[in-house]
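Results of the structural survey
So you can see what is in the structure, the chains are spelled out below.
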Amino acid sequence: LVQSGQVDMITTQYLHEGATLFNGQEHRGRCFTFMRHPIERAVSLFHYLGIASHEPTYDPQLRYISIEMWARSKRIEHNWMTRFLSNEL
């Protein structure tokens, strides 16, 4: 698709794989991103995991603990985005 010259932009959640579409000479790529504030994202995740029964990480017990207790527990996520962007998943 990039080689066809018919697109101005592509979107993908696969940063490293998407970068292989550009060779740096004929087809230069530029990257940009939109990111949520990390605290807002963590609060949203906490509330979501307490109600999303279809989610593999669903935990009904989250309805009964505070977000502070969750943040101090081992159930908090550990910099998933950082590991993803550095290709260290």
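Residue positions are given per chain, counted from 1 along the sequence in the order it is written. Residues qualify for local features only when their pLDDT is at least 70, as the model is predicted, and side-chain atom pairs are given and counted only at 80 or more; totals for whole chains, interfaces and linings, by contrast, use all residues. Processing note: side-chain calculations cover all non-hydrogen atoms of the structure and skip hydrogens and water entirely.

What about the nonpolar core?
One finds Phe46, Leu49, Leu62, Ile65, Trp70 and Ile76 forming the largest nonpolar core, which totals six residues. The contact rule is simple, with two residues in contact once any of their heavy atoms fall within 4.5 Å. Residue contacts for Ile65: discarding those within four places in its chain leaves Phe46, Trp70 and Arg75. As used in this record, nonpolar core signifies buried Ala, Val, Leu, Ile, Met, Phe, Trp, Tyr and Cys residues forming a set joined through side-chain atoms within 4.5 Å. Under the scheme applied here, a residue whose accessible area is under 20% of the maximum for its type counts as buried, over 50% as exposed, and between as partly exposed, the area being computed with a 1.4 Å probe on protein chains only.

Overview of a nonpolar patch on the surface
A contiguous nonpolar patch, built from Leu15, Met35, Trp80, Met81, Leu85 and Leu89 and spanning about 590 Å² of accessible area, is present on the exposed surface. The leading source of residues in the nonpolar patch is helix 4 (residues 80-85), at three residues. Candidate patch residues must exceed 30% relative accessible area and have no salt bridge, after which like charges are joined if within 9 Å and Val, Leu, Ile, Met, Phe, Trp or Tyr side chains if within 5 Å. Here the accessible surface of atoms and residues is derived via Shrake-Rupley with a 1.4 Å probe, and residues count as covered only by protein chains that are part of the display. Criterion for a salt bridge: a side-chain nitrogen of Lys or Arg within 4 Å of a carboxyl oxygen of Asp or Glu. Only DSSP runs of H or I covering at least 4 residues are called helices, and only runs of E covering at least 2 are called strands; the numbering of each starts at the N terminus.

Remarks on the environment of His27
By the secondary structure assignment, His27 is in the loop between helix 1 (15-19) and helix 2 (38-49). Counting along the chain gives 16 residues from His27 to Thr11, while the straight-line C-alpha distance between them is 15 Å.

Some details on the side chain of Asp59
With respect to the helices and strands, Asp59 occurs in the loop between helix 2 and helix 3 (67-72). The exposure class of Asp59 is buried, given its relative accessible area of 15%. Not counting chain neighbours up to four residues away, the residues in contact with Asp59 comprise Leu49, Gly50 and Arg75.

Some thoughts on the pattern of salt bridges
Applying the stated criterion across every chain, the model contains one salt bridge. Close ionic contact of Arg72 with Glu68 constitutes a salt bridge, the shortest N to O distance being 3.2 Å. Of the two residues, Arg72 and Glu68 are both situated in helix 3; the distance of four residues between them amounts to about one turn of the helix. Classification of Glu68 by relative accessible area gives partly exposed; the value is 49%.

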